[in-house]
Amino acid sequence: MLIAPGGWIFRSVGAESSMSAPIPIENGGDTGNGLPSGSSGVDKSVQREAVPSSSSMKSKMGTLFLVGISFALIFNSEYDPLLACIGFSVLAYVITTVLIPALSPDFVRVGFVGRDLGKKNRPLIPETMGAVCAVVYLITLFFFIPFLFAKFFVTETSGSGNREHVLDTATLHKGRSLRMFPHSKLAEFLAALLSSFSMLVLGVADDLFDIRWRNKLLLPAIAVLPLIFVYYVDFGVTFVAVPPVIWKLFNPEMVSNSAVPPVVDLGVFYYIYMLAMAIFCPNSINILAGINGLEAGQSLIIAISLLLNDAMYIIPGRILGLHPPHPATEAHLLSTYFVLPLIAVTAALLKYNWYPARVFVGDTYCYFAGMVFAQVGILGHFSKTLLLFLIPQIVNFIYSAPQLFKLVDCPRHRLPKLNTETGLLEPSRVYFDIPPKGAELLLLTSLGKLKLLDLERDPETRLIKSSSNFTIVNLVLTWAGPLREDRLAIVILGIQAGCCAVGLVARHTIAPALFGRDNL
């Protein structure tokens, strides 16, 4: 954190969040590293209007049209919560689109600003705008709660003929009792909102104080505890299905034509697995970052993939009216209620974060979006499917592990380096003051032979002088050569979309064949 003359405070917005330990947690799209020493403050033009806002008549008419559509869907005559959620999501998109340019000068004024190192002129850009998305998301779901349970209020408390059935003389002194009200679903919903709010607080704190990675690593696990407790009380299911082919290896006497796949009770290990998911999802988005549009883009693709997966359970029973509906329909409906507003606010954020970025998302957005993914995977009972959509994040974590766990020297910043002459991004490098030896040398040499690293050797001694950093972003540049920032983002997001598409197809073709049924 820098204190400039005049009382201005600027936080260092480097790509990694740890100040002392070089553990790389790429910072939510912030490709800047703060202001240079001796800076006299923020440019006044940046203070006045950090993000230009469109005031054309066409834009205003489009906004009014979307608002009208949203209210029509929210107050639909059928009290359908799915339509209401779509309406609230449209409204969330409109509000986020308006608030980001309106609030960005205020963010700049209080010091939430960073330099974009991916540009030749290294412009100052407002950061932590993911906090705006998170707040709009939470407020949207707060207002959605009555609409989610509107049918229960109407049928039981609106004077529609059921009031006498609900209230009897034995319970009049206790007030109204909604016997059919799904209290467990409300508890799930509120617990998920509490977890999301906790991650919002953590993200803002990290953007403010640049919390050390070792101190914040386990905080997502604490934030998800309310959700885990609700899961334990309402479900407590800790069984996982095992493919019959594998089960037969250990149980040859199993009946081959069994309609129900064998299951294994993991017990407490299942809850540890869910905690691990809550830790991995937010941090995985935060690590695969560093260029304009990458964090919001990958989150948008993952959220859309989750929505498509939910639709495959919702459409047959709820929309086409096929009976009986899939037993997982309600769980995927609950997932949809969380995913739709996330898609809306993320799309609005990406509009301003795409190359050339006018705002940075900050750690706040990465933690918040990752927690939403974790909680829908837990509540929707499809955490294994979620992992299929997170293949690039898993690969990036495994690939980054040598630097994450100090097997190889790790610099403070691992972002691609801008070549100011060509205007293209090139792989960033780690330089070795002492030539690598032992396991480090073996690892570098092996990955170099596999073309997974770009090694620079001394022409005389052939000792390794430097290596490209261990991130997918740098790996793509190693393979494809220097790229412009937006093209690099398109390549990586294309990989994300391809992996999600393959995962979705595999989930609904290979998995049923492997398990003998559409396993949850």
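Residues numbered from 1 in each chain as written. Predicted model: local features only at pLDDT ≥ 70, side-chain atom pairs only at ≥ 80, totals over all residues. Heavy atoms only, no water.

### Details of the overall build of the protein
Across its full length, the protein holds 21 helices and eleven strands. Here the protein holds 520 residues, and the buried ones make up 51% of them. Once local pairs closer than 6 in sequence are excluded, the contacts in the protein between residues at least 24 apart make up 75%. For the protein, the accessible area works out to roughly 23,900 Å², and carbon and sulfur atoms hold 67% of it. (Helix = DSSP H or I, 4+ residues; strand = E, 2+ residues; numbered from the N terminus. Buried < 20%, exposed > 50% of the residue type's maximum accessible area, 1.4 Å probe, protein only. Contact = heavy atoms within 4.5 Å. Areas by Shrake-Rupley, 256 points an atom, 1.4 Å probe, with all protein chains shown as cover.)

### Examining the side chain of Ser468
With respect to the helices and strands, Ser468 occurs in strand β11 (residues 464-468). Assessed through its relative accessible area of 0%, Ser468 is described here as buried. Among the polar contacts made by the side chain of Ser468, one reaches the main-chain amide nitrogen of Asp454 at a distance of 3.0 Å. Those residues in contact with Ser468, other than ones at most four positions away along the chain, are Pro427, Ser428, Arg429, Leu453, Asp454 and Thr478. (Polar contact = N/O pair within 3.5 Å; in protein donor to acceptor, adjacent residues only side chain to side chain.)

### A closer look at helix α10 (residues 225-234)
Those residues of α10 not exposed but buried are Leu227, Ile228, Val230 and Tyr231. For α10, the arc enclosing every buried residue in end-on projection is 160°, short of the 170-degree limit, so these residues lie on one face. The exposed set on the far side of α10, more than 90 degrees from its buried face, consists of Phe229, Tyr232 and Val233. Where α10 is buried, its residues meet α7 (183-209), α12 (268-287) and α15 (362-379). Trailing α10 by a residue or two, Gly236 shows a phi angle of about 70°, which is positive. (Arc of directions from axis to C-beta.)

### With respect to a nonpolar patch on the surface
Taken together, the side chains of Val135, Ile139, Phe142 and Phe143 make up a nonpolar region of the molecular surface, amounting to roughly 380 Å² of accessible area. Looking at where Ile139 falls in the secondary structure, it is placed in helix α4 (residues 130-148). Classification of Ile139 by relative accessible area gives partly exposed; the value is 40%. (Patch = residues over 30% accessible without salt bridge, like charges linked within 9 Å, V, L, I, M, F, W, Y side chains within 5 Å. Salt bridge = Lys/Arg side-chain N within 4 Å of Asp/Glu carboxyl O.)

### Observations concerning the environment of Phe75
The topology assignment puts Phe75 in the loop between α2 (57-74) and α3 (81-109). Measuring from C-alpha to C-alpha, the distance between Phe75 and Phe147 comes to 8.6 Å, with 72 residues separating the pair along the chain.

### Examining the sheet that holds β11
Pairing is antiparallel across the open sheet formed by three strands, whose spatial order is β9-β11-β10. Each edge of the open sheet is held by one strand with a lone partner, namely β9 (429-431) and β10 (455-457). Neighbour-to-neighbour, the strand axes of this sheet turn through a mean angle of 20°, independent of strand direction. Bridge count between β9 and β11: three bridges; the pairing is antiparallel. Counterpart to Val430 in the pairing with β11 is Ser467. (Pairing = 2+ DSSP bridges. Axes fitted to C-alpha atoms, helices over the stretch in contact; angles between N-to-C directions.)

### Side note on the confidence of the model for the protein
Interpreting fine coordinate detail is not advised for predicted regions of low pLDDT. Mean pLDDT over the protein: 83, with 80% of residues reaching 70 or higher. In the model, residues 45-49 has pLDDT below 50 throughout and makes eight contacts with residues more than four positions away in sequence or in other chains. Here residues 157-175 scores under 50 on pLDDT; set against residues more than four positions off or in separate chains, the count is 21 contacts. (pLDDT = per-residue confidence, 0-100.)

### Focus on unusual backbone geometry
Here Tyr355 and Pro356 are connected by a cis peptide whose omega angle stands at -10°. Secondary-structure assignment places Pro356 in the loop between α14 (329-353) and α15. With phi around 55°, Tyr79 is a residue other than glycine that occupies positive phi space. Phi at Arg462 is positive, roughly 65°, even though this residue is not glycine.

### So, the nonpolar core
Ranked by internal contacts, the top residues of the largest apolar core, which has 100 residues, are Phe189 and Phe338. In terms of residue count, α14 provides more of this core than any other element does, 13 residues in total. Discounting residues that sit within four places of it in the chain, Phe189 has contacts with Leu141, Phe144, Ile145, Leu148, Leu334, Tyr337 and Phe338. Tyr399, Val408, Phe432 and Leu453 belong to the second-largest nonpolar core, a separate cluster that totals ten residues. (Core = buried A, V, L, I, M, F, W, Y, C linked by side-chain atoms within 4.5 Å.)

### Some thoughts on the pattern of salt bridges
One pass over the structure, following the stated rule, counts seven salt bridges. Between Asp106 and Arg109 there is a salt bridge, with its nearest N and O atoms 2.4 Å apart. Taken together, the positions of Asp106 and Arg109, both in helix α3 and three residues apart, correspond to about one turn of that helix. When its relative accessible area of 28% is taken as the criterion, Asp106 is described as partly exposed. For the salt bridge of Asp454 with Arg429, the shortest nitrogen-to-oxygen distance reads 2.9 Å.

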